[in-house]
Amino acid sequence: MNDFERVLIAGTGPTSLQLAVMVKDRPGSVVAIAGRKSVRSDGFFLAFRESDRKVRVDVQNDKNRGAAGECVVDELFQGFETVAGEWRMLVLAVTADAYTHVLRQLDDRVLARVRCVVLVSPTFGSNSLVRNFLTSQGLNAEVISFSSYLGDTRWPEGVPADRVLTAAVKKRLYIGSSRGQSANLDLLCEMHHRLGVAMEVVDDPVEAETRNISLYVHPALFMNDIALNAVFFETEPVKYVYKLVPEGPVAPSLVHEMVAQWKELTEICRQMGVPGVNLLRFMVDDSYPVREESISRRDVERFERLPSIHQEYLVYVRYASLLVDPFSEPDADGRYFDFSAIPIRRVFVDGAGRWEVPRMPKEDYYRTKVIQGVARHMGVACPTIDTLIARYEHALEDAGRAHTDRPLSDAFVVRDFREDVAMICDEIGKARGDRRADMGRPTT
Ligand SMILES: NC(=O)c1ccc[n+]([C@@H]2O[C@H](COP(=O)([O-])OP(=O)(O)OC[C@H]3O[C@@H](n4cnc5c(N)ncnc54)[C@H](OP(=O)(O)O)[C@@H]3O)[C@@H](O)[C@H]2O)c1
């Protein structure tokens, strides 16, 4: 039996449905979905029961039709502790800060039979975290990290249902396995190729985890006064993530922090022996292209060697050049598609009646704290990351004092994520020890 024949997907968000349809496309695959019991997941399980576990993926753009399809999910588990049976592949489609919570709740006998864990939307250090947890349980499953989820998948009506809409599919993804090359890695690549995604296999899973643009741009875009006010305090006017001041937060000072934070993360990667990212090339080639008149190929290629002020200038030009989609068709008035009109989401009341922080910047807080923890462990100075986190935590505390009319979710608590950071650093320490031992070994 190959590991794709029995796949358990953990998570009840829209990505789980897209992944279920992809896996079930392989003849003979049995797929289950498991989620925690929560007010939000109640709607998910209800929708599944009403559709007899039949789910459907629609696509917004015909060029992504490879992602569309239907399937019947074989089993559902409401509560991770209720999972039973043999599941050889465990796909974690929950947020990266919940990986160990999910693993801890699975029955030991279920976990012991898992041979491969796939991290759909991990962050820097997630593969180390999961490996460290498995080793502590005496287990040795393969752990595979994607650079990010394959695209943009949503509930069409905004609430859990038996169908999802995949609105976009990424051009390229990076993927790495704790085993180097493996049959599971090849099959995951093949599955994504069918959707038109170019897959780049990297040697080390942490390298895939660092090929995620959010790591480099979200902290600066969200942990600034304009965005924090928009998230936690102001009700109007709407502010937009990617617009220039005053419509959004993008300003030379924000770009300065973005470039400085990229350098700090690059230094951590360097110390770990992981190749860094050319930030501008990553923005232009992997995210959204700009016109050659805006940023030349020469500037993209030499970006890492330019002085900071020139780098900041180019990143500012990049954001300014994408205020509109530079490749859209202009209307009769010469107006191009308003590409940057992505509103900054405000804190909201969740299904359980608590104030909750939206995914951005909630997930970015966890990710940035992990990077800060790893930097401390490795003795790498990260003054910009420290400033961004201090600003965010200050806003969290003020928001906690301002929103007293309802209970607050955990996202309002200033946290150190000490346990996850310690596990990640332990694993990084082992890898560095191995590398040093390899370097000391005589070559033949
Ligand atoms: N959807 C996309 O297009 C997209 C794009 C890029 C990246 N991603 C990333 O992919 C991941 C999954 O996204 P999604 O849109 O499918 O899901 P989602 O709506 O964000 O839901 C994530 C799932 O994680 C569960 N979860 C959260 N915290 C948990 C915890 N502490 N313990 C156990 N379970 C927990 C949620 O349960 P509850 O419902 O009970 O909270 C839910 O089942 C996220 O990290 C997301 O940022 C998604």
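Residues numbered from 1 in each chain as written. Predicted model: local features only at pLDDT ≥ 70, side-chain atom pairs only at ≥ 80, totals over all residues. Heavy atoms only, no water.

Examining the nonpolar core
Soluble globular proteins tend to bury their nonpolar side chains together. If you look at the biggest cluster of nonpolar residues, it comprises 103 residues, and the most contacted ones within it are Phe124, Phe232 and Ile268. The element best represented in this core is helix 10 (residues 252-272), accounting for nine residues. When near neighbours in sequence (up to four residues on either side) are disregarded, Ile268 contacts Phe124, Ile371, Val374, Ala375, Met378 and Val380. Core analysis: the second largest hydrophobic core is formed by 42 residues, Met22, Val23, Leu150 and Ile175 among them. (Core = buried A, V, L, I, M, F, W, Y, C linked by side-chain atoms within 4.5 Å. Buried < 20%, exposed > 50% of the residue type's maximum accessible area, 1.4 Å probe, protein only. Helix = DSSP H or I, 4+ residues; strand = E, 2+ residues; numbered from the N terminus. Contact = heavy atoms within 4.5 Å.)

Observations concerning the site of the ligand
Near the ligand, the surroundings consist of 21 residues, among which Thr12, Thr15, Ser38, Thr153 and Arg359 are the closest. Residue Thr12 places a side-chain N or O atom 2.6 Å away from an oxygen atom belonging to the ligand. Between the ligand and Ser38 there is a distance of 2.5 Å, counted from an oxygen atom to a side-chain nitrogen or oxygen. Protein contact buries 86% of the 880 Å² of open area that the ligand shows by itself. Listing elements by their share of the shell around the ligand, those giving two or more residues are helix 1 (14-24), strand 9 (151-154) and helix 14 (359-378). Sorting elements by how many residues they give to the shell around the ligand places strand 9 first, with three residues. (Near = heavy atom within 4 Å. Polar contact = N/O pair within 3.5 Å; in protein donor to acceptor, adjacent residues only side chain to side chain. Areas by Shrake-Rupley, 256 points an atom, 1.4 Å probe, with all protein chains shown as cover.)

Quick notes on the pairing of strand 7 (residues 116-119)
By the alternation rule, side chains of strand 7 split into Cys116 and Val118 and Val117 and Leu119, which are all buried. Note that strand 6 (residues 89-92) and strand 7 share four bridges and pair parallel. Among the inter-strand pairings, Val91 is bridged to a residue of strand 7, identified as Val118. Bridge count for strand 7 against strand 8 (residues 142-146) is four bridges, and the pairing is parallel. In the strand pairing of strand 8, Val117 is matched with Val143. In terms of handedness, the path from strand 7 via helix 5 (residues 126-136) over to strand 8 forms a crossover that is right-handed. (Pairing = 2+ DSSP bridges. Right-handed = clockwise from strand over helix to strand, strands pointing away.)

Looking at the domain arrangement of the protein chain
We note that the domain assignment places domain 1 (6-210) and domain 2 (213-434) within the protein chain. Taken together, the two surfaces of domain 1 and domain 2 that pack against each other cover about 2200 Å², and 60% of this comes from carbon and sulfur. Considering only the surface of domain 1 that becomes buried against domain 2, Phe124, Asn132 and Thr210 emerge as the three largest contributors, covering 30% of it. For the pair domain 1 and domain 2, the number of links is three salt bridges. Of the charged contacts, one joins Glu427 and Arg131 as a salt bridge, the two residues approaching to 3.7 Å between their closest N and O atoms. If you look at where domain 1 meets domain 2, you find eight residue pairs in polar contact (both at pLDDT 80 or more). (Domains from an automatic or database assignment. Buried area = accessible area lost by both parts, 1.4 Å probe. Salt bridge = Lys/Arg side-chain N within 4 Å of Asp/Glu carboxyl O.)

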